[in-house]
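# Coordinates in review
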Amino acid sequence: MQNSKSINSALISVYYKDHLEPIIQKLHSLGVKLYSTGGTFSFIEKLNIPVTSVDSVTKYPEIFGGRVKTLHPAIFGGILNRRDNPSDKKEKEQHRIPDIDLVIVDLYPFEETVAAKASEENTIEKIDIGGISLIRAAAKNFNDVVIVSSRDHYSELLHLLESKNGKSDLADRKHFAAKAFATSSHYDAAIFNYFNQTENIAEFKQSVQKSQTLRYGENPHQKGIFYGDLDKMFTKLNGKELSYNNLLDVDAAVALMSDFTEPTFAILKHNNACGVASRATIHKAYVDALAADPVSAFGGILIANREIDLATAGEVNKLFCEVVIAPSFSADALNLLKSKPNRILLIQNKVELSKTSFRTLLNGVIEQDKDLKTESALDIKPATTLTPSDSEIKDLLFANKLVKHTKSNTIVFAKNGQLLASGTGQTSRVDALKQAITKAQSFGFDLKGAVMASDAFFPFPDCVEIAHGVGITAVIQPGGSIKDKESIEYCNAHNMSMVMTGVRHFKH
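Residues numbered from 1 in each chain as written. Predicted model: local features only at pLDDT ≥ 70, side-chain atom pairs only at ≥ 80, totals over all residues. Heavy atoms only, no water.

Here the focus is the overall build of the chain. Counting its regular elements, the chain contains 19 helices and 23 strands. Dimensions along the principal axes, computed over C-alpha positions, put the chain at roughly 95 × 50 × 40 Å. A buried classification covers 47% of the 508 residues belonging to the chain. For the chain, the accessible area works out to roughly 25,600 Å², and carbon and sulfur atoms hold 52% of it. The distance from the centre of the 58 positive side-chain charges to the centre of the 59 negative ones in the chain is 4 Å. (Helix = DSSP H or I, 4+ residues; strand = E, 2+ residues; numbered from the N terminus. Buried < 20%, exposed > 50% of the residue type's maximum accessible area, 1.4 Å probe, protein only. Areas by Shrake-Rupley, 256 points an atom, 1.4 Å probe, with all protein chains shown as cover. Lys, Arg positive; Asp, Glu negative; His and termini not counted. Charge placed at Lys NZ, Arg CZ, Asp CG, Glu CD.)

Here's what the structure looks like:
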């Protein structure tokens, strides 16, 4: 047993008292002397367990409404003194400072207070000072002290106390210290990000405490970990664990569906929609979404923004798919879809998502605002003599939502609230257009009377020329090319309408 030390004294100061009692009882049974403050002191007293108040050690009362409790040399000296250092030992005895071998802290709930949209005054009061100082002090002196920095670590501490009879090894103490610095750094990052909502200091700080190890990354030879709380985002009803690639597709699906309010079903593959339809019923929406590309739908991710009923589930059950996401499932639909044990079924919960995104790049990180702009009829400006009909405007806006969520360069064809085809991730816009035409024709779609959307401007009039040749009657694009006039003139000469949004929707 390496550098084993007995826990003879403990300082306990926590905000939440949940699951604390078994630890108090165990420490008491081991003969550990307990020190505490405020509400925690009262909690321990009510258990009829001896406890010494911190102010009886410091000879100083809590002041400023509890803002200052433990910030005193008698407390921090008991934590930070090096037990094997003769000078420290001499000073400790001189000032009658008691050793503190275990520190248990649960910080003020700063993040919860921010999430509850509390006033600035209340939020600032939930910035823990004494607790965070205790954590750092005890973690620094892990050679002698055990630090428990969160109620999430209580069960691990209780196991240590029971399995080693109130003793700890150096490895135990260092492990808890590492967790403590993770707690303190996360807490500080949350506080910084709160202030930085208005201060805009150009520093990147992100911290996520929960994680899930994935089977592998994008490919089997790559490791993968998801940092976040999937249980908050989804209620999982069936199936295997989500993979790295599943998560990428699920993220794309959730982002896409956030732009639709009418009953809509979407099927995605490799982050791109291969089928989308908006209809009066979710059953009809699924049938028409699948029709756009039943080949790519195999092994895809399905998402609906209405409850999936038995009729819809009956159609979905005919398809091999990895994941089905919906706000709810009827009981009969759920029973049917669960007949495939590996099929992942998720209820999407209402969670406020970040309005920014980031990813690693070269030797750093790039961050940007998410593309949350969704154009409405008020945002489009007619560029041609002929203006689109009401039904065409509806389809143009539908198609424009899809290009926003499709890899660039992209062209989307739509008609009557249905994705007919898309060209995705091409190095030229003409190639994306030709790909979309080929796909639409291969699944039997007549493009006459359909509309076309582009994620960026047309550098030349060739795209509208080719689109006109297959029957496209209306076009939506950002505009901004020095050759916009040539595309507009072609449309005017061939009875096509074109509208511009002034907003580019690149997606890489």
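The next thing to look at is helix H5 (residues 86-94). Where H5 begins, one side-chain oxygen reaches toward the backbone nitrogen of Ser87, 2.9 Å away; that side chain belongs to Asn85. Directly beyond the C-terminal end of H5, a positive phi value near 55° is found at Arg96. (Polar contact = N/O pair within 3.5 Å; in protein donor to acceptor, adjacent residues only side chain to side chain.)

Nonpolar side chains tend toward joint burial in soluble globular proteins. Within the largest apolar cluster, 52 residues are counted, with the highest numbers of intra-cluster contacts made by Leu27, Leu34, Ile79 and Ile104. Excluding anything up to four places from it in sequence, Leu34 contacts Ala10, Ile12, Ile24, Leu27, Ile44, Ile49, Pro50, Val51 and Thr52. In this structure, Leu242, Ala253, Val323 and Ile476 belong to the second largest nonpolar core, which totals 38 residues. (Core = buried A, V, L, I, M, F, W, Y, C linked by side-chain atoms within 4.5 Å. Contact = heavy atoms within 4.5 Å.)

Counted by the stated rule, this structure contains nine aromatic pairs. With a centroid separation of 4.8 Å and an interplanar angle of 70°, the aromatic rings of Phe204 and Phe358 are classed as edge-to-face. Of this pair, Phe204 sits in the loop between helix H10 (170-199) and strand S8 (211-213) while Phe358 sits in strand S16 (residues 356-361), placing them 154 residues apart in sequence. Looking at Phe204, the relative accessible area reads 36%, which means it is partly exposed. On the basis of an interplanar angle of 65° and a centroid distance of 5.7 Å, the ring pair of Phe260 and Phe398 is categorised as edge-to-face. (Phe/Tyr/Trp six-rings, centres within 6.5 Å; stacked < 30°, edge-to-face > 60°.)

Under the defined criterion, the tally for this structure stands at 24 salt bridges. We note a salt bridge from Glu203 to Lys205, for which the minimum N-O separation is 3.5 Å. Put simply, Arg83, Lys92, Asp99 and Asp101 are held in one network by salt bridges that share partners. (Salt bridge = Lys/Arg side-chain N within 4 Å of Asp/Glu carboxyl O.)

Throughout the structure, instances matching the rule amount to two cavities of 30 Å³ or more. Approximately 40 Å³ is the volume attributed to the largest cavity. If you trace the largest cavity, you find it lined by Ala273, Cys274, Ala292, Asp293, Leu419, Leu420, Ala421, Ser422 and Lys439. Listed by contribution, the elements that provide at least two residues to the lining of the largest cavity are strand S12 (272-278) and strand S20 (418-423). Among the elements that make up the lining of the largest cavity, the one with the highest residue count is S20 (four residues). Residue composition of the lining of the largest cavity, by class: six nonpolar, one polar and two charged. Along the walls of the second largest cavity sit Lys373, Thr374, Glu375, Leu397, Asn400, Lys401, Lys404 and His505, which together make up its complete lining. Residue composition of the lining of the second largest cavity, grouped by class: one nonpolar, three polar and four charged. (1 Å grid on protein atoms, 1.4 Å probe; cavity = no way out; pocket = protein on both sides within 12 Å on 5 of 7 lines; lining within 4 Å. Points joined across faces, edges and corners; volume = space filled by probe spheres on them. Nonpolar A, V, L, I, M, F, W, Y, C, P; charged D, E, K, R; others polar.)

What follows covers the packing of helix H18 (residues 462-469) against helix H19 (residues 484-493). When two helices pack together, you describe them by how their axes are tilted relative to each other and by the distance separating the axes. It is the contact of H18 with H19, at a shortest axis distance of 8 Å, that shows an interaxial angle of 25°. If you check the angle between H18 and H19, you find them roughly parallel. Relative to H19, the crossing made by H18 is right-handed. For the pair H18 and H19, contact is made by Val464, Glu465 and His468 and by Ser487, Tyr490 and Cys491, respectively. Taken together, the residues of the contact of H18 with H19 break down into three nonpolar, two polar and one charged. (Axes fitted to C-alpha atoms, helices over the stretch in contact; angles between N-to-C directions. Parallel < 35°, antiparallel > 145°, perpendicular 65-115°, else oblique. Left-handed = near helix turned anticlockwise from the far one by under 90°.)

Moving on to the environment of Pro382. With respect to the helices and strands, Pro382 occurs in strand S18 (residues 381-382). Pro382 gets classed as exposed once you look at its relative accessible area, which sits at 53%.

So, about a nonpolar patch on the surface. Together, Phe204, Phe358 and Val365 line one region of the surface with nonpolar side chains, adding up to about 260 Å² of accessible area. Note that Val365 resides in strand S17 (residues 364-369). (Patch = residues over 30% accessible without salt bridge, like charges linked within 9 Å, V, L, I, M, F, W, Y side chains within 5 Å.)

Looking now at the sheet that holds strand S2 (residues 9-14). Strand order in this open sheet of five strands is S4-S3-S2-S5-S6, and the pairing throughout is parallel. Only two strands of the sheet have a single neighbouring strand rather than two, namely strand S4 (52-53) and strand S6 (146-148). Note: strand S3 (residues 33-36) against S4, two bridges, orientation parallel. Across the sheet, the residue bridging to Ser36 is Ser53, located in S4. Each of S2, strand S5 (102-106) and S6 touches helix H8 (residues 130-140); the most contacted strand, S5, lies at about 145° to it. (Pairing = 2+ DSSP bridges.)

Attention shifts here to helix H2 (residues 38-46). At 3.6 residues per turn, the α-helix brings residues three or four places apart onto the same side. For H2, every residue scored as buried is listed here: Thr40, Phe41 and Ile44. The buried residues of H2 occupy an angular sector of 105° when projected down its axis, which confines them to one face. At its buried positions, H2 is contacted by S2, helix H1 (21-29), S3 and S4. (Arc of directions from axis to C-beta.)

Bringing unusual backbone geometry into the picture now. Comment: phi is negative for the bulk of residues other than glycine, and the bulk of peptide bonds are trans. In this model, Ser408 is joined to Asn409 through a cis peptide bond whose omega is -10°. By secondary structure assignment, the location of Asn409 is in the loop between helix H16 (390-404) and strand S19 (411-415). Despite not being glycine, Asn200 has its phi angle at roughly 55°, a positive value. Mapped onto the fold, Asn200 is located in the loop between H10 and S8.

Turning to its location among the elements, Asp172 is positioned in helix H10. Once you skip the residues sitting within four places of it in the chain, Asp172 turns out to touch Leu160 and Lys164.

Once that is clear, we can look at the layout of surface pockets. Taken as a whole, the second largest pocket spans an internal volume of roughly 480 Å³. Along its surface, the second largest pocket is lined by 24 residues, and Gly66, Arg67, Lys69, Tyr108 and Asp128 are the ones closest to its centre. Looking at the lining of the second largest pocket, the elements with two or more residues in it are S2, H2, S5, helix H7 (120-125) and H8. The class makeup of the residues in the lining of the second largest pocket is eight nonpolar, ten polar and six charged.

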